[in-house]
Amino acid sequence: MIVTNRKEKVGYYLFLLPAYLIFAVFIFWPVVHSLYLSFFKYNIVTITSPQFVGLRNYLYLLKDEVFWISCKNTLFFVIGTVPVKMFLGLLAAMLLNRKDLKFKAFYRTCFYIPVVVSMVAISIVWMLLFNPGPNGVVNILLSKFGIQPLGWIADSKLALPTVMLLVIWKDLGYIMVIYLAGLMAIPDEIYEAVALDPVSSWQKFWYITWPLLKPTTIFILITQVIDSFQVFTPIYVMTEGGPGYSSTTIVNYLYDKGFREYEMGIACAVAYLLFVVLLVLTILQNKLSKAEEVSYD
Amino acid sequence: MRKFIALLVVMALIIGAMAGCATKTSQKEQQPSQEAQQPTQPQVTIKFWQAGGDTAGAAEKMSELIKKFEEKHPNIKVEYMAIPWAEEPHNKFQTAIVSGEVADLLIVGSPFDHVLASSGAIIPLDQFIDEELKKDLMDVFSREGIYHGKNKDLDGKLISIPMFGDVRTIVYNKDIFKKAGVPEPTESWTLEEFKQNALKLTKDGVYGFGTSGRYASQWLPFVWDKGGEILNQEMTEATITTPEWKEAWEYYIELINKASMPGSVNVNLAEIQKLFAQEKVAMFVTTQDYVEELMKDPNLKDKIGVGQMPHDKYQTAFAGADVFVITKQSKHPKEAWELLRFLVSTENQLEYCKTVGFLPAVKSAASDPYFTNDPVKKGFLQALEHGKFYVKSDKANGITTILRAEIQNAITGKKSVQKALEDAKQAIDLLLNS
C-alpha cells in the first residue's frame with residue numbers, strides 16, 4: 001500500500017510511536033551506551049563519573065587468564081551441546097512424526113514440558129539429582145549397579161558436562177517442535193514419488209528429508225549457537241563457576257565483573273567481544289543458508 | 001533518512017516533556033504538605049531502605065517499630081522499604097547513589113558500609129553518637145565499624161552501627177560425639193584437637209566436619225588464628241603468600257578431604273545443613289538463625305550443642321552485621337540519626353531480635369535473660385565476642401571470587417597450595433590496582 005496523504009502518514013507514525021519509544025529507551029539506548037562505556041573505566045562503587053581509558057578494558061581482558069578460561073569453557077559448552085541437542089531433537093521429531101505412532105500428542109507434550117519449566121527451578125532439581133554427597137540421587141542409583149559415586153558438580157572435569165546434560169535435556173523439546181514443523185511441511189507427494197522405487201529409509205532420509213529440512217536446521221543452528229554462547233543461569237545456580245574456574249563461562253565472567261566487582265567498563269567490553277563473535281558467526285551461518293536455498297518444487 | 005531523524009527529534013521532545021512533567025508534579029505534591037505543617041512544626045520526610053529484611057516477620061516488625069517512632073516524633077515521617085537479598089539490594093543502592101536518589105538512612109550488609117565509605121557516599125557517625133550508646137555498643141561492632149582506607153576524610157571514624165549481628169561458630173550433634181566416644185568441644189580446644197576429633201567422628205556414613213570450599217567463612221578463621229590477613233593495612237596488596245596462610249590452607253584441605261562428605265569442594269551450605277539435620281554430619285560451622293530452626297525439630301532439640309571455634313593463637317569467629325549508614329546525599333541526617341538511635345535502643349533491639357532470630361548490637365539487650373538463659377543464644381553471643389569481619393575492601397567481592405576459585409583448585413589437587421596462593425595473590429593485586 002502506498003500512502004500519499006501526508007496526514008495519514010503522520011497518523012501511522014503516531015501509532016508506531018509507543019513501540020519506537022520502547023525500542024529506543026530499552027534496547028537501542030542501552031546497546032549504544034554499553035559500547036560507549038566499554039571504553040571507560042567505570043566502577044560504580046569507587047567512581048561516580050566514567051573515565052575514558054581507550055582500549056584498556058579490552059587489553060585487560062586479553063591479559064586476564066580467567067577471561068580466556070571462560071572463553072574456552074564457553075566454546076566447549078557450545079560444541080558439546082548444540083550438535084547433540086540438534087541430533088537428538090531431530091531423532092525425537094522423526095520418531096514422533098511416524099504415521100503409525102499412537103498417543104502422539106502425549107509424547108510431544110512430554111518432550112516439551114522441560115522447555116516450559118523455569119531454568120532456576122530445574123537447576124535446583126538437577127543439583128539434588130547430581131549431588132555428589134550422600135544424598136545424591138544419581139550416585140545412589142549408580143551404586144545399586146556397583147558403579148563408584150562420581151563428583152558431578154564438585155568435580156572440575158565433570159561440573160560443566162553436568163550442566164551441559166541439563167541444557168541438552170531442557171532444550172530438546174524446543175528443537176523437536178521446530179523440526180517437527182519442518183518435517184510436517186515436507187509434502188507427502190515427494191515421498192510418494194519414490195514409494196515404488198526400491199529405496200531404503202536411510203536413502204529417503206538422506207536424499208529427501210535432510211535436504212528439505214535444511215532451512216529448519218540452519219535456523220535452529222543459528223539460534224542455538226547464539227543461545228549457548230550466552231549460557232548463564234544453570235551455572236549461576238548450580239556451580240557459581242566452580243570448582244576453581246572449571247565451569248565459568250563468558251556471561252558468568254561478565255556478571256562477576258559487572259555485578260559483583262562493579263567494573264561496568266570491563267563488563268561492557270566483555271559483552272561487546274561476545275557480540276562481535278556472535279555477529280560474525282551469524283553472518284557466516286546466514287551466508288551458508290543463502291548458498292543453498294531449498295525449494296519444494 | 002530525513003524522516004527517521006525527524007522521528008528521533010519528536011521522540012526526544014516527547015521524552016523531555018514527560019521528564020519535565022514528572023519533576024513538576026513531584027514538586028507540586030511536596031509543597032502543600034510542607035505548607036500545611038508549617039504552622040506547628042516543620043514536617044520532615046526521611047527515606048529508609050533496608051537491604052534484606054526478608055526473614056519471616058522482619059519487615060512487618062520494622063514497620064511496627066517505625067510507626068512507634070513516628071508517634072514519638074510527629075514531625076518526622078518515615079518512608080520505609082525493604083529489598084530482599086534475592087533482588088541484589090546493594091546494586092540498587094549503588095544505582096540510586098549514582099542517580100542522586102538514594103535514601104537518607106540505609107541498612108546494608110557488612111562490609112558494604114566500608115565500600116560506601118571508600119567512595120565517600122556516607123557520613124561519619126561520631127558527630128551524633130552519645131556516650132551511652134558508645135559504651136553500650138558491643139565491642140566487636142565498635143571495633144569493626146571504624147573505617148580505614150583510601151578515603152582520608154573518613155579514616156579512623158565510625159561509619160556504621162549494626163541493627164543486628166550474626167556470627168558463625170561450631171554447632172555439633174552431642175549424640176554422635178557420645179557414640180563415637182569423643183569428648184564434646186571445650187572452650188579452649190586447639191586446632192589439633194579439633195582435627196583429631198573430626199577424623200575420629202568420620203565413620204559409618206557420618207562425616208566429622210561438614211564444610212564447603214565455596215565459602216570463605218568456612219576456612220578464614222583458621223587463617224586468622226595464625227595471624228594471617230587477606231590484605232595489608234593500606235588495602236593495597238594481598239598478604240596471602242605467607243607461611244601462616246599455607247599452613248592454614250593445608251590444615252583446612254586435610255579436614256575437607258578427610259572429614260567432610262564427597263563434593264565438599266563446591267557444595268551449597270544448605271546441603272550441609274540438611275546433612276546435619278539428617279545426623280550425617282557431626283559438626284559444622286553455621287549461624288544462629290539456622291540453629292533456631294533446627295531446635296524446632298523435637299528429635300534434634302536435645303542433641304544440639306553450640307561450641308566455640310578451635311584456636312591456638314588468636315581466637316576468632318566469622319562475624320557480620322546488617323548495619324545502618326547515613327548517606328551523604330541525605331538532607332536530613334539528624335532526623336535519620338534520630339531513627340537510627342531509636343532502633344538501637346535496648347527495648348527495640350530486643351523486640352526486633354526476638355522476631356528475626358539474630359544477635360543484638362548493644363550489650364544492654366544482649367544481657368537480657370532472653371539471651372543469657374538460652375544455651376544456643378548464649379553460645380553464639382560468646383562467639384560474637386571474638387567476632388571478626390570479612391575483608392573491608394571495596395573489591396571484597398572480587399577477592400572472594402579469586403580466593404574461592406584458588407582454594408578449590410588446591411582442594412581438588414589441580415594446583416599445589418603454594419601455587420594456588422601465589423596465583424591468588426597475583427590476581428588480587430591485579431584487581432586492587434585495576
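Only a predicted model underlies this, so the values are computations on that prediction, with no experimental measurement involved.

Caption draft 1: The overall build of chain B, seen in detail. The helix and strand inventory of chain B stands at 19 helices and 10 strands. The globule rule puts the C-alpha radius of gyration for 434 residues at 22 Å, and the 25 Å found for chain B is close to it. Its C-alpha atoms give chain B principal-axis dimensions of about 75 × 60 × 40 Å. Counting only contacts in chain B whose residues sit at least 6 apart along the sequence, the fraction spanning at least 24 positions is 75%.

Caption draft 2: Spatial organisation of the interface of chain A and chain B. With 30 residues of chain A in contact, the opposing surface of chain B contributes 32 residues. Listing elements by their share of the side of chain A that touches chain B, those giving two or more residues are α1 (6–37) and α12 (250–260) of chain A. Per-element accounting of the side of chain A that touches chain B gives the leading share, 4 residues, to α1(A). Looking at side-chain class alone, the side of chain A that touches chain B contains 16 nonpolar, 10 polar and 4 charged residues.

Caption draft 3: The arrangement of helix α5 (residues 119–129) of chain A in detail. Residue and element names in this part refer to chain A. Within the sequence span of α5, burial applies to Ser123, Trp126 and Met127. Angularly, the buried residues of α5 cover 100° about the axis, an arc narrow enough to put them on a single face. Away from its buried face, by an angle of more than 90 degrees, α5 presents the exposed residues Ala121 and Val125. The secondary structure elements touched by the buried residues of α5 are α7 (159–185) and α11 (233–238).

Caption draft 4: Just the UniProt feature "transmembrane region" (unreviewed entry) in chain A, in detail. Residue and element names in this part refer to chain A. The UniProt record annotates "transmembrane region" (unreviewed entry) at residues 12–32, 75–97, 109–129, 158–184, 205–226 and 264–284. Between the C-alpha atoms that bound residues 12–32 the distance is 27 Å, and the span itself is 100% helix and 0% strand. Segment residues 158–184 splits into 96% helix and 0% strand. End C-alpha atoms: 38 Å apart.

Caption draft 5: A look at the UniProt feature "domain: ABC transmembrane type-1" (unreviewed entry) in chain A. Sequence positions flagged by UniProt for "domain: ABC transmembrane type-1" (unreviewed entry) are, in local numbering, residues 71–285 of chain A. Across residues 71–285 of chain A one finds 74% helix and 0% strand; the C-alpha atoms that close the span lie 20 Å apart.

Caption draft 6: Spatial organisation of the domain arrangement of chain B. Residue and element names in this part refer to chain B. Under the domain assignment, chain B is made up of domain 1 (44–166 + 320–388) and domain 2 (169–286 + 395–432). Using only C-alpha atoms to locate each centre, domain 1 and domain 2 end up separated by 30 Å. Per element, the largest residue contribution to the side of domain 1 that touches domain 2 is 3 residues, and it comes from helix α17 (residues 375–385). Split into classes, the residues belonging to the side of domain 1 that touches domain 2 amount to 4 nonpolar, 3 polar and 1 charged.

Caption draft 7: The pairing of strand β5 (residues 169–173) of chain B, seen in detail. Residue and element names in this part refer to chain B. β5 sits mainly inside the fold: 5 of its 5 residues count as buried. Relative to strand β8 (residues 304–306), β5 runs antiparallel, the two sharing 3 bridges. Among the inter-strand pairings, Val171 is bridged to a residue of β8, identified as Val306.

Caption draft 8: The arrangement of the sheet that holds strand β7 (residues 281–286) of chain B in detail. Residue and element names in this part refer to chain B. Here 4 strands make up an open sheet; going across it, the order is β6-β7-β5-β8 and the pairing mixed. On the outer flanks of this sheet lie β6 (207–210) and β8, each paired with one strand and no other. Averaged over all pairs of adjacent strands, the angle between their axes in this sheet comes to 20°, without regard to strand direction. Pairing of β6 with β7, which is carried by 3 bridges, proceeds in the parallel orientation. Within β7, the position partnered with Gly210 by the bridge is Phe284.

Caption draft 9: Region of interest: the confidence of the model for chain A. On average, residues of chain A score 87 in pLDDT, and 95% of them reach the 70 mark or higher. Summarising per-element confidence for chain A, the mean pLDDT is lowest in helix α8 (residues 188–194) of chain A (83) and highest in helix α3 (residues 65–96) of chain A (94).

Caption draft 10: Fine view of the confidence of the model for chain B. All names here are of chain B. Mean pLDDT for chain B: 87, with 91% of residues reaching 70 or above. For chain B, per-element mean pLDDT is lowest for helix α1 (residues 2–37), which scores 46, and highest for strand β3 (residues 105–109), which scores 95. Note on residues 15–39: pLDDT under 50 across the span, and 4 contacts to partners over four residues away in sequence or across chains. Scored as a complex, the prediction yields pTM 0.82 and ipTM 0.81.

Caption draft 11: Layout of the packing of helix α2 (residues 58–72) of chain B against helix α14 (residues 346–356) of chain B. Residues and elements named next belong to chain B. Between α2 and α14, the least distance of the axes is 9 Å, while the angle of their chain directions is 160°. Relative to α14, the element α2 lies roughly antiparallel. For the crossing formed where α2 meets α14, the hand is right-handed. Between α2 and α14, the contacting residues are Ala58, Lys61 and Leu65 on the first element and Asn348, Tyr352, Thr355 and Val356 on the second. Split by residue class, the contact of α2 with α14 holds 4 nonpolar, 2 polar and 1 charged.

What counts, and at which threshold
Residues numbered from 1 in each chain as written. Chains lettered and ligands numbered in written order. Predicted model: local features only at pLDDT ≥ 70, side-chain atom pairs only at ≥ 80, totals over all residues. Helix = DSSP H or I, 4+ residues; strand = E, 2+ residues; numbered from the N terminus. Rg over C-alpha atoms; globule rule 2.2 N^0.38 Å. Contact = placed C-beta atoms within 7 Å. Nonpolar A, V, L, I, M, F, W, Y, C, P; charged D, E, K, R; others polar. Buried ≥ 20, exposed ≤ 12 C-beta atoms within 10 Å, placed from the backbone. Arc of directions from axis to C-beta. UniProt positions renumbered as here; feature names shortened; annotations may be inferred. Domains from an automatic or database assignment. Pairing = 2+ DSSP bridges. Axes fitted to C-alpha atoms, helices over the stretch in contact; angles between N-to-C directions. pLDDT = per-residue confidence, 0-100. Parallel < 35°, antiparallel > 145°, perpendicular 65-115°, else oblique. Left-handed = near helix turned anticlockwise from the far one by under 90°.

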